[in-house]
Amino acid sequence: MMKRFFYSAILAVFSCTGLVLAAESPVGKWSTIDEKSGKVTSQVELYEQDGKLFGKITSLPEPNDAQGKPKTCTACTDDDKNKPIIGLAILKNLSLQGDRYKGGTLLDPDDGKIYKGEVWIEDGKLQVRGYIALFFRTQTWVRAK
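From a predicted model like this one, the values you see are computed outputs, not experimental measurements. Each chain has its residues counted from 1, running along the sequence as written. Local features are withheld for residues below a pLDDT of 70 in this predicted model, meaning they are given only at 70 or higher, and side-chain atom pairs are given and counted only at 80 or more; totals for whole chains, interfaces and linings count all residues. To obtain the side-chain values, all non-hydrogen atoms of the structure were included, while hydrogens and water were left out.

**Quick look at the state of the cysteines**
The condition that has to hold: A pair of sulfur atoms, both from cysteines and within 2.5 Å, is called a disulfide here. Throughout this description, buried means an accessible area under 20% of the type-specific maximum (1.4 Å probe, protein chains only), exposed means over 50%, and partly exposed covers the range between.
Considering all chains together, one arrives at one disulfide under this definition. The disulfide that involves Cys73 links it to Cys76, with 1.6 Å between the sulfurs. In this structure the cystine formed by Cys73 and Cys76 twists about its S-S bond by roughly 65 degrees; its chirality is therefore right-handed. Neither Cys73 nor Cys76 differs from the other in exposure class; each is buried.

Okay, structure coming up:
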C-alpha cells in the first residue's frame, strides 16, 4: 500500500512538472513592444525546428513603406539583405540550456546587426537579450492576443 502511494506521489510530481514546463514554453506568437512609446512594433512567431528555437516576424503595424511596397531589411547583410521584414527570421539556432534558450543569434532588422542571444520567460513575459562582447540589452515581449 505504501509503495503504491509513493509511486502515485512521484507520478503526480512529474506530471505537474511537465505541465509547468509546457506552460513556460516560448513557442508561440509574441508582440514586441517599443520601450519608449509602449506600442507594439511587430509580432514574432517562435517555433522549434530540429530541437532549436527560431523566430520570424509575422506582422508589422505598418508593413509597407512610403511607396506602398513591403518593407525590406535594407540594413541587413548576407542572405537577409533586402528581404521582406515580414517572414524574416530574427532568432536563429537557440538551444535550451537550463531554463533559457542560448547559443544562437538575434537579428535587429532596424540596423542589420546580428547579436549573440538568449531568451527566457519571466513572469509570463519573454525576455530577449542580445549581446555584443560584455554589453547587452534586454527587451520584454508579451504573448500576442
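So much for the structure itself; the text now carries on.
**Points about the sheet that holds strand β3 (residues 52–59)**
Our working rule: The criterion for strand pairing is that DSSP finds at least two bridges linking the strands in question. By the criteria applied, helices consist of DSSP H or I runs no shorter than four residues and strands consist of E runs no shorter than two, each listed in order from the N terminus. Under this scheme, a helix contributes an axis fitted over its contacting stretch, all axes are lines through C-alpha atoms, and angles between N-to-C directions fall in the 0 to 180 degree range.
Taken in spatial order, the eight strands close into a barrel running β1-β2-β3-β4-β5-β6-β7-β8, and their pairing is antiparallel. This sheet shows a mean twist of 35 degrees between the axes of neighbouring strands, independent of strand direction. Alignment of strand β1 (residues 28–33) against strand β8 (residues 135–143), held across three bridges, turns out to be antiparallel. Residue Ser31 lies in a different strand from β8, and its bridge partner there is Val142.

**What to know about the nonpolar core**
Considering soluble globular proteins, one finds that nonpolar side chains tend to be buried as a cluster. Definition in use: Here the nonpolar core consists of buried residues drawn from Ala, Val, Leu, Ile, Met, Phe, Trp, Tyr and Cys, with membership extended through side-chain atoms lying within 4.5 Å. Residues are treated as being in contact if the distance between any of their heavy atoms lies within 4.5 Å.
Judged by nonpolar contacts, the single largest core of 21 residues is most densely connected at Leu46, Leu88, Ile90, Leu91, Val119, Leu126 and Trp141. Within the residue set of this core, elements represented by two or more residues are β2 (40–49), β3, β4 (89–97), β5 (100–108), β6 (113–122) and β7 (125–132). Those residues in contact with Val119, other than ones at most four positions away along the chain, are Leu53, Leu91, Arg100, Tyr101, Leu126, Gln127 and Val128.

**Structural notes on unusual backbone geometry**
A positive phi angle is found at Asp50, which is not glycine, with a value near 55 degrees. The phi angle at Asn93 is positive, at roughly 60 degrees, despite the residue not being glycine.

**Details of the pattern of salt bridges**
Using the following cut-off: Salt bridge, as applied in this entry: a Lys or Arg side-chain nitrogen positioned within 4 Å of an Asp or Glu carboxyl oxygen.
Per the counting criterion, the structure on display carries four salt bridges. Across the pair Lys83 and Asp80 runs a salt bridge whose closest N-O atoms are separated by 3.9 Å. Of the residues examined, Lys83 reaches a relative accessible area of 37% and is grouped as partly exposed. Among the ionic pairs, Lys92 bridges to Asp80, the shortest N-O distance being 3.6 Å. Of this pair, Lys92 sits in strand β4 while Asp80 sits in the loop between β3 and β4, placing them 12 residues apart in sequence. Through salt bridges with shared partners, a single ionic network connects Asp80, Lys83 and Lys92.

**Some remarks on the packing of aromatic side chains**
For any pair of aromatic rings, geometry is given as the distance between the ring centres together with the angle between the planes. Put simply, the rule reads: Here is the rule: rings of Phe, Tyr and Trp (six-membered ring for Trp) pair when centre to centre is within 6.5 Å. Planes less than 30 degrees apart are stacked, more than 60 are edge-to-face, and the remainder are tilted.
Inspection of every chain in the model, using the stated rule, returns two aromatic pairs. Between the aromatic rings of Tyr47 and Phe54, the centroid separation amounts to 5.9 Å while the plane-to-plane angle is 15 degrees, which identifies the pairing as stacked. For Tyr47, a relative accessible area of 22% corresponds to the partly exposed category. On the numbers, 5.7 Å between centres and 55 degrees between planes, the contact of Tyr131 with Phe136 is tilted. The class for Tyr131 is partly exposed, based on a relative accessible area of 24%.

**Quick word on the layout of surface pockets**
Selection criterion: Only protein atoms enter the 1 Å grid used here. Points where a 1.4 Å probe fits but cannot escape make up a cavity, open sets with protein on both sides within 12 Å along at least five of seven lines make up a pocket, and a residue lines them when an atom lies within 4 Å of a point. Grid points are joined across faces, edges and corners, and a volume is the space filled by probe spheres set on the points.
The calculated volume of the largest pocket comes to roughly 930 Å³. In terms of lining residues, the largest pocket is bounded by 37 residues, among which Thr41, Asp108, Pro109, Asp110 and Gln139 are the most central. Of all the elements in the fold, those that place two or more residues in the lining of the largest pocket are β1, β2, β4, β5, β7 and β8. For the lining of the largest pocket, the element with the highest residue contribution is β8, accounting for six residues.

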